[in-house]
Amino acid sequence: MKLVFCGTPQFAVPSLRALLDAGFEIPLVVSQPDRPSGRGMQVAPTPVKQVALEHGVEVVQPEKIKNNLEFRAQLEQIAPEAIVVVAYGRIIPQWMIDLPPLGNINGHASLLPKYRGAAPIQWAIASGETVTGVTTMRIDAGLDTGDMLFKRETAIQPEDTAVTLAPRLAALTAESLVETLPALKEGRIQPQKQDEAHASLAPILRKEDGLISWERTATEIWNRLRGFQPWPGAYTTFRKRNLTVVGARPTAPLNQKKVEWGTILVQDGRVMVGCGEDTVLELLEVQPEGKKKMAVRDFLNGYRPQTGERLGQ
């Protein structure tokens with residue numbers, strides 16, 4: 001099969017590698033333009049571009065694609081049987097959707113119709129899911145609303161964060177695409193409509209999503225902390241300065257004492273914070289504003305938080 005592959009970040013790399021290794025013909029890879037990154041803000045090629053060049057595959061990086069006549073002519077000349085899209089980061093225009101006979105096939109990191117949108121991995125963890133997965137689907141004009149082709153599930157472990165879960169889902173996406181494409185071509189997959197009644201959104205993350213609301217339960221805060229790694233993380237204020245909570249876990253005070261939400265309880269070398277519904281979150285690792293990450297014992301020694309002090313506004 002002749003394919004065009006569209007992808008940009010590290011998440012898409014296993015899919016490109018798997019398709020190349022499986023013998024699919026990929027004369028062209030499409031990626032977003034190279035952008036400055038890292039501390040030095042040096043312009044670096046996208047992860048997908050790096051892999052394509054390693055395999056001698058031509059790469060194009062159009063700034064815009066909707067009304068790009070040169071890009072359109074290039075794809076029409078290639079005449080791919082399918083266009084594969086994995087974390088490309090651009091809305092696919094209708095002319096591109098209509099171009100290949102098998103359609104534009106997307107690898108999406110959730111069990112659709114749940115968690116449509118830009119941040120499905122983060123929101124699945126933040127919402128307390130214990131199972132997630134990937135879905136291959138045919139792109140249509142909506143936001144992740146196209147017909148589903150193939151699904152694979154995986155468990156979300158209690159210790160998982162978005163950082164640890166993403167590589168597993170990237171590998172599942174790669175495996176799923178390698179299975180989906182020939183099955184679709186041979187008529188062994190019947191596309192399925194999504195059930196709108198079960199749809200939910202996973203919008204792009206904002207800085208304010210990381211602000212801890214202590215009225216939430218300890219488990220809800222813990223889930224959001226895990227889901228919003230590495231950004232925007234989970235943060236609050238302590239003594240009118242920012243405090244990032246790097247590690248934490250729901251717990252209970254040794255004497256089962258109730259703690260008001262947002263209020264600190266220091267007990268036997270532990271720092272706990274009251275949360276909604278009389279739940280308690282134990283802080284394990286924090287990062288005070290302007291400082292490095294530190295274990296709670298170092299926070300205790302350096303800042304000496306007192307029982308009854310408050311976090312947040």
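Residues numbered from 1 in each chain as written. Predicted model: local features only at pLDDT ≥ 70, side-chain atom pairs only at ≥ 80, totals over all residues. Heavy atoms only, no water.

**A look at the overall build of the protein chain**
Across its full length, the protein chain carries eight helices and 15 strands. Each principal axis of the C-alpha atoms in the protein chain carries an extent, and together these give about 70 × 45 × 30 Å. Taken across its 313 residues, the protein chain has 49% of its residues classed as buried. Contacts in the protein chain between residues far apart in sequence, at least 24 positions, make up 65% of those at least 6 positions apart. For the protein chain, the separation between the mean place of its 36 positive charges and that of its 35 negative charges on side chains is 6 Å. (Helix = DSSP H or I, 4+ residues; strand = E, 2+ residues; numbered from the N terminus. Buried < 20%, exposed > 50% of the residue type's maximum accessible area, 1.4 Å probe, protein only. Contact = heavy atoms within 4.5 Å. Lys, Arg positive; Asp, Glu negative; His and termini not counted. Charge placed at Lys NZ, Arg CZ, Asp CG, Glu CD.)

**Here we look at the nonpolar core**
Here is a general trend for soluble globular proteins: nonpolar side chains tend to be buried in one another's company. By size, the foremost hydrophobic cluster in this structure holds 46 residues, and its most contacted members are Phe5, Leu16, Leu19, Ile26 and Val29. Mapped by element, the contributors of at least two residues to this core are strand E1 (2–7), helix H1 (13–21), strand E2 (25–30), helix H2 (47–54), strand E6 (82–86), helix H5 (120–126) and helix H6 (162–185). Here this core takes 10 residues from H6, the largest share from any one element. Beyond its immediate sequence surroundings of up to four residues, Leu16 is in contact with Phe5, Ile26, Val29, Val48, Val51 and Ala52. Grouped together as the second largest cluster of nonpolar side chains are 23 residues, Trp222, Val245, Leu281 and Leu283 included. (Core = buried A, V, L, I, M, F, W, Y, C linked by side-chain atoms within 4.5 Å.)

**Details of helix H8 (residues 296–303)**
The set of residues buried in H8 consists of Val296, Phe299 and Leu300. One side of H8 carries all its buried residues, which in axial view fall inside an arc of 100 degrees. Along H8, the residues that are exposed and aim more than 90 degrees away from the buried face are Arg297, Asn301 and Gly302. Summarising the contacts, the buried residues of H8 are in contact with strand E10 (235–238), strand E11 (241–251), strand E12 (264–267), strand E13 (270–275), strand E14 (279–288) and strand E15 (294–295). Just beyond H8, the residue with positive phi is Arg304, at close to 50 degrees. (Arc of directions from axis to C-beta.)

**Thoughts on the packing of H1 against H2**
With their axes 9 Å apart at the nearest point, H1 and H2 run at an angle of 20 degrees to one another. What the angle tells us is that H1 and H2 run roughly parallel. Note that H1 runs across H2; the crossing there is right-handed. Contacts from Val13, Leu16 and Arg17 of H1 reach H2 at Pro47, Val48, Val51, Ala52 and Glu54. (Axes fitted to C-alpha atoms, helices over the stretch in contact; angles between N-to-C directions. Parallel < 35°, antiparallel > 145°, perpendicular 65-115°, else oblique. Left-handed = near helix turned anticlockwise from the far one by under 90°.)

**A closer look at the packing of H1 against H6**
What describes two packed helices is the angle between their axes and the distance between those same axes. Two elements in contact, H1 and H6, have axes whose closest approach is 8 Å; the angle formed by their N-to-C orientations is 35 degrees. In this structure, H1 meets H6 at a crossing whose hand is right-handed. Of the residues in H6, those in contact with Pro14, Ser15, Ala18 and Leu19 of H1 are Ala170, Thr173, Ala174, Leu177, Val178 and Leu181.

**A word on the sheet that holds strand E9 (residues 148–155)**
Read from one edge to the other, the open sheet built from seven strands follows the order E5-E2-E1-E6-E7-E8-E9, with strand pairing classed as mixed. Taken across any chain shown, the strands that pair with only one partner, and hence form the sheet edges, are strand E5 (58–60) and E9. Recorded for the sheet is a direction-independent mean angle of 20 degrees between the axes of neighbouring strands. Alignment of E1 against E6, held across five bridges, turns out to be parallel. What sits directly across from Phe5, in E6, is Val84. (Pairing = 2+ DSSP bridges.)

**Some thoughts on the packing of aromatic side chains**
Within the structure shown, the criterion is met by four aromatic pairs. A ring pair is formed by Trp123 and Phe228, whose centres lie 5.2 Å apart and whose planes are at 80 degrees; its orientation type is edge-to-face. Residue Trp123 is located in helix H5, and its partner Phe228 is located in the loop between helix H7 (218–227) and E10; the two are separated by 105 residues in the primary sequence. What makes Trp123 buried here is its relative accessible area of 14%. When its relative accessible area of 1% is taken as the criterion, Phe228 is described as buried. Members of the aromatic cluster, joined through ring pairs, are Phe238, Phe299 and Tyr303. Seen from the ring of Trp222, Arg226 lies directly overhead, with NZ or CZ sitting 4.4 Å from the centre. (Phe/Tyr/Trp six-rings, centres within 6.5 Å; stacked < 30°, edge-to-face > 60°. Lys NZ or Arg CZ within 6 Å of the ring centre and 35° of its normal.)

**So, the side chain of Gln229**
Mapped onto the secondary structure, Gln229 falls in the loop between H7 and E10. Looking at Gln229, its side chain comes within polar contact range of the main-chain oxygen of Leu225, at 2.7 Å. Not counting residues within four places of it along the chain, the set of residues in contact with Gln229 comprises Thr161, Ala162 and Val163. (Polar contact = N/O pair within 3.5 Å; in protein donor to acceptor, adjacent residues only side chain to side chain.)

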